[in-house]
Structure formats: C-alpha cells, structure tokens
Amino acid sequence: MDCCSQPGLLPVDQAIRQMRDAITPVSTTEKISLANALDRILSEPIYSALNVPGNNNSAMDGYALRHQDISTETPLTIIGQSLAGHPFKGRVNQGECVRIMTGAVIPEGADTVVMQENVRAHNEFIQIHKPPKPGENIRYAGEDIAIDSLVFQQGKRISPVDIGMLSSLGIAEVCVFKRIKVAVLSTGDELKPLTEKLQAGDIYDSNRPTLIALLSRLNVEVIDLGCIADNPEKIAAAFTTAIEQADVVISSGGVSVGDADYTKDILETLGKINFWKVAMKPGKPFAFGALQKQNATSAKGWFFGLPGNPVSAVVTYHQLVLPALRHLAGEIFDAAPAINVCTQSNLKKQPGRTDYQRGQLRLENGESHVITTGSQSSGVLSSVVQANCYIVVEQERGAVTAGEKVNVVLFDKFLT
Ligand code: AMP
Ligand code: MG
C-alpha cells in the first residue's frame, strides 16, 4: 500500500503550511508589566539601553592590580577594598592592589584580578605565588549585552530566563500582543461531566479538561463551552455562540464520517472547511476551517475539529493546532528539532500516513535509544502519559524493526 491508496489525505507539513498561510496573526497590542509577561509574545523588538554588565567587574574574590607590577618577590600594598555595591573610590598605582570581591567594580588603574587562593595575604600587603594572565578574572562591561544591541526579536515568547535578561536591562514594562481567545467544547451523546454518575455506555469527557489544561500552557484565554449532544441544531448553535466570543473554536468528536458526525456538515454551513483529512496517525479526521461571525459580516474566527479518541485529540492538538495557535498569537518560532536514534522496539506501521507513535527516549551507558510505550491504539491515553517523546515514522515507511534508526521528537513544555 502506498500513500495514493488513501486519497485525499493531506501530508502533515502541507496541513501546517496551509493553516499558516490562511491565518493572519493578531495585531492588537498592549503594554504590560514585566512581572505579568511570562509566556506572552513580544509585539516589538527590544534593544538594550545599557551595557550588561554595566562596569568592568571581578569574576573572583581576590585582589585587583596592574599586571605589569606582578613579581613573586616584591609584595603589593593593599590600599583599600572594592565590594559589590561599594566600589573603591581611588586609583591603583604602581606597587598597589585593592582587595576585591566577586561582582565588585574594578578600580581605576587596575587591569587584572588575582584570585585569593593564589596569594599569601599579610595585614597590609600580598605576595603572589601563582601569577594571573593579563586581564584575568575580569568581566568586561557589555560582555553579556552591549548597549544598543538587539536583545529580542518581535514574536519572541517570553520565557523565565528572558524575564531575567529583561530585568538585568532595567525593563519594567513590555509591549505584547493581546492574548487570543479560544473556546473549547466536546461533542458526543456518551459524554458525561466528571461530577455525574456514569450510566451504561457513558464515558467521562476527558478531552475538554485535557485541552483546557494544554491551552493554559500556551497562555491563551480559554472559554469552556462544555459538552454538546450529537444533535446538529445544538452543535450549530454552540459553534455560533462560541465564535461570537472567541477567535478560535476547538471541538473534539464527530469529525469522522460516522452517522453522528455532523461537525463537518455544520462547518460547511456556518463557514468554510479548508481541509478535514490529514495523513497522520493518530488523527486522520481533523477539520480546519473558518467560522463566520454573525454580527460582523467580514469577521471570522478559526475552527479546529479534533477527533474524539483521546490520543488523537492530544496529538492533533499538539502537532497541528498548537503551531497554528502560536502563529495566530504572533509568535515566531522554529519547528521542534528531531534526533535520530535506534529503536529497541519493533514498531507496527503501514505506509500512507506519518505516525506519531509515543515512546520513551532513554540514555543507557552513554547511548540514547527509544522504546515504545506499548499499545498505540488511539484510545489508550497511557501511551502518551508514559511517554517523553514521539517516534515520528515517515509517511512512506512501513513497519520498523528493532535496531533501525528512527526520528524522535521530545515532548515540549506545551504538552507535558
Ligand atoms: P468520535 O470522533 O466522536 O467518533 O469519537 C471517537 C471515540 O472517542 C469514541 O469512542 C468516543 O466515545 C471518544 N470520545 C469522543 N469525545 C470524547 C471526549 N470528549 N472525551 C473522551 N472520549 C471521547
Ligand atoms: Mg462522537
């Protein structure tokens, strides 16, 4: 079997590209305090108004001196001290040194710091038994960030260490894109909220809580629209309400061609389907399209219809919806890198779709390899829970035998 035997399936990279091409990123911005900026997206580049560090300073506890004065015989006179926050005011002249602590400003005249372990200190002078190289143990002004240099591009998602960097530049407020609003709902007559007792044939709605939690990692505004029965009028009404409040609607269930799979038809009536079958496993039925907002003729929102099976819902969210939402939110980002390692498990696979099998990347005796997390059925959520990576098996590839090389993509912070 080749990919042509599954006609109408869109390869994953093309699906991602089509969504990117269709979606224009948000343009509305706001100024917020740095304290609230974690996981927001910069709407303008940031240039440094300062050198970091601001002064030449010491990388060690020791003594600041003129390198030309070093000799193992002649002692250097200690003329004062420079502490972090309390610089030495005078100048280091010939035959002199200043006691200095890590982070303290290098006094005028000095060009080198000798670490304290390499000197014998007496009350008023030191003798150096292991001379430093010229300029040793000095961190130079602007060594980390030079004044006027570009620190972050527009479109950067602000991480915890970025907050540190921006703090070191004295930046208390940043301009970011407004957060996108995402409405989430589940469809299915069998679904019950967690607070209800299950009757025969019922299951708990696990996709909606999962999606809401996944979206909180993305730091978007989430609107929870609950569970909707398999009833075309109710689903249509739910989509209409959802798109009035949100930029994006994500539903799960009802996108395949089963009897109760109304989602696709409703989307055709209320907006437009861009595509609804992707050559991936899990997750073949996946609908992407636009929903027209009723109260504004030109405005539209985006719709992502995920398959109902819990693993399919998670994997299609992570592989397809997430890059689309990051793009919509104004983020500029690179695709996740893959590493090529040996699998220690045989992997079932048919050519025709890209598989996102769940695995554990392991390190043993200095070598990385991957093993499967067992049943890859799209209903078995433990295959994701126990995994730390995808084993991405190419569309055209068939079954994989233990010992063969495979591409592995580690789970990221948006998933685990
Ligand atoms: P569907 O895509 O609606 O045909 O659903 C496929 C499978 O996923 C069925 O076994 C459903 O019961 C299950 N399913 C659908 N929606 C959910 C949900 N929100 N939480 C858990 N399982 C679901
Ligand atoms: Mg269903």
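Keep in mind that this is a model prediction, so the values were computed, not measured.

The rules we used
- Residues numbered from 1 in each chain as written.
- Chains lettered and ligands numbered in written order.
- Predicted model: local features only at pLDDT ≥ 70, side-chain atom pairs only at ≥ 80, totals over all residues.
- Heavy atoms only, no water.
- Near = heavy atom within 4 Å.
- Polar contact = N/O pair within 3.5 Å; in protein donor to acceptor, adjacent residues only side chain to side chain.
- Areas by Shrake-Rupley, 256 points an atom, 1.4 Å probe, with all protein chains shown as cover.
- Nonpolar A, V, L, I, M, F, W, Y, C, P; charged D, E, K, R; others polar.
- Buried < 20%, exposed > 50% of the residue type's maximum accessible area, 1.4 Å probe, protein only.
- Helix = DSSP H or I, 4+ residues; strand = E, 2+ residues; numbered from the N terminus.
- Arc of directions from axis to C-beta.
- Pairing = 2+ DSSP bridges.
- Axes fitted to C-alpha atoms, helices over the stretch in contact; angles between N-to-C directions.
- Contact = heavy atoms within 4.5 Å.
- Domains from an automatic or database assignment.
- Patch = residues over 30% accessible without salt bridge, like charges linked within 9 Å, V, L, I, M, F, W, Y side chains within 5 Å.
- Salt bridge = Lys/Arg side-chain N within 4 Å of Asp/Glu carboxyl O.
- Phe/Tyr/Trp six-rings, centres within 6.5 Å; stacked < 30°, edge-to-face > 60°.
- Lys NZ or Arg CZ within 6 Å of the ring centre and 35° of its normal.
- Core = buried A, V, L, I, M, F, W, Y, C linked by side-chain atoms within 4.5 Å.

Trainee: So what exactly am I meant to see when it comes to the site of ligand 1 here?
Mentor: Within the structure, ligand 1 sits among 15 residues, and Glu190, Asp205, Ser206, Gly254 and Gly308 are positioned closest to it. Within the backbone of Ser206, an N or O atom sits 3.0 Å from a nitrogen atom of ligand 1. Here an oxygen atom of ligand 1 and a backbone polar atom of Asn309 are 3.1 Å apart. Protein contact buries 76% of the 480 Å² of open area that ligand 1 shows by itself. Of the residues assigned to the shell around ligand 1, the class counts are 4 nonpolar, 9 polar and 2 charged.

Trainee: Quick question: what am I supposed to make of helix H2 (residues 160-168) here?
Mentor: Owing to its 3.6 residues per turn, the α-helix brings residues three or four apart onto one side. Every buried residue belonging to H2 is among Asp162, Ile163 and Leu166, and all of these are buried. The arc that holds every buried residue of H2, seen down its axis, measures 105°, which confines them to one face. Of the exposed residues in H2, the ones pointing more than 90 degrees away from its buried face are Pro160 and Val161. Directly after H2, the chain includes Gly170, whose backbone phi takes a positive value near 75°.

Trainee: Quick question: what am I supposed to make of the sheet that holds strand S17 (residues 248-252) here?
Mentor: Through backbone hydrogen bonds, the strands of a sheet pair up, either in parallel or in antiparallel fashion. If you trace the 6 strands from one edge of the open sheet to the other, you get S16-S13-S17-S21-S20-S18, paired in mixed fashion. Every other strand in the sheet has two partners, leaving strand S16 (221-228) and strand S18 (271-277) as the edge strands with one partner each. Between one strand axis and the next, the sheet turns by 15° as a mean value, whatever way the strands run. In terms of strand pairing, strand S13 (residues 181-187) meets S16 through 6 bridges, oriented parallel. Its bridge partner lying in S16, Ser186 is registered against Cys227. Most of the contacts of helix H1 (residues 12-22) go to S18, to which it runs at about 165°, and overall it touches S18, strand S20 (285-292) and strand S21 (300-306). The sheet strands contacting helix H6 (residues 310-328) are S17, S20 and S21, and the helix crosses S21 at an angle near 165°.

Trainee: Sorry, what's going on with the domain arrangement of the protein here?
Mentor: Reports of interface size often rely on the accessible area that becomes lost once the parts have come together. Taken domain by domain, the protein holds domain 1 (3-28 + 179-328), domain 2 (30-52 + 145-177), domain 3 (57-139) and domain 4 (339-410). Here the C-alpha centroids of domain 1 and domain 3 sit 65 Å apart.

Trainee: I keep staring at a nonpolar patch on the surface and nothing clicks. Help me out?
Mentor: A contiguous nonpolar patch, built from Leu194, Leu198 and Tyr204 and spanning about 280 Å² of accessible area, is present on the exposed surface. Position of Leu198 relative to the elements: it lies in the loop between strand S14 (191-192) and strand S15 (203-204).

Trainee: I would appreciate a short explanation of unusual backbone geometry in the present structure.
Mentor: Generally, phi is negative for residues other than glycine and the peptide bonds are trans, each holding for most cases. A cis amide bond links Val52 to the next residue, Pro53, at an omega of -5°. Position of Pro53 among the secondary structure elements: in the loop between strand S2 (46-47) and strand S3 (57-58). Note that the residue after Lys281, namely Pro282, is joined by a cis bond; omega there is 0°. Here Pro282 lies in the loop between strand S19 (280-281) and S20.

Trainee: Would you take a moment to explain the environment of Leu410 for this structure?
Mentor: Inspection of the secondary structure puts Leu410 in strand S26 (residues 405-410). Residues Leu410 and Cys389, spaced 21 residues apart in sequence, show a C-alpha to C-alpha distance of 4.2 Å. Apart from the residues within four sequence positions on either side, Leu410 is in contact with Leu361, Asn388 and Cys389.

Trainee: Could you clarify how one ought to interpret the packing of aromatic side chains in this entry?
Mentor: Given two aromatic rings, their pairing is described by the distance between the two centres and the angle made by the two planes. Taken as a whole and judged by the stated rule, the model has 8 aromatic pairs. What links up through ring pairs into an aromatic cluster is the set Phe275, Phe286, Phe288, Trp302 and Phe304. The cationic tip of Lys277 hangs over the ring face of Trp276; the distance from NZ or CZ to the ring centre is 5.1 Å. Its end group placed over the ring of Phe333, Arg326 keeps NZ or CZ at 4.0 Å from the ring centre.

Trainee: Hey, could you run me through the nonpolar core in this one?
Mentor: Grouped burial of nonpolar side chains is what soluble globular proteins tend to show. In this structure, Ile250, Phe286, Phe304, Tyr317 and Leu325 are the most contacted members of the largest nonpolar core, which totals 48 residues. For this core, the secondary structure elements donating two or more residues are H1, S13, helix H3 (207-218), S17, S20, S21, H6 and strand S25 (389-393). Here this core gets 11 residues from one element, more than from any other, and that element is H6. Two domains each put at least three residues into this core: domain 1 (3-28 + 179-328) and domain 4 (339-410). Listed in part, the 20 residues of the second largest apolar core include Ile228, Ala238, Phe239 and Leu291.

Trainee: Whenever I open this one, the environment of Asn219 confuses me. Can you help?
Mentor: Examined against the element boundaries, Asn219 turns out to sit in the loop between H3 and S16. The sequence separation of Asn219 and Lys89 amounts to 130 residues, and the corresponding C-alpha distance is 48 Å. Setting aside residues up to four positions removed in sequence, Asn219 forms contacts with Leu38, Asp39, Arg40 and Arg179. Here the side chain of Asn219 touches Asp39 through a polar contact of 3.4 Å, landing on its backbone oxygen.

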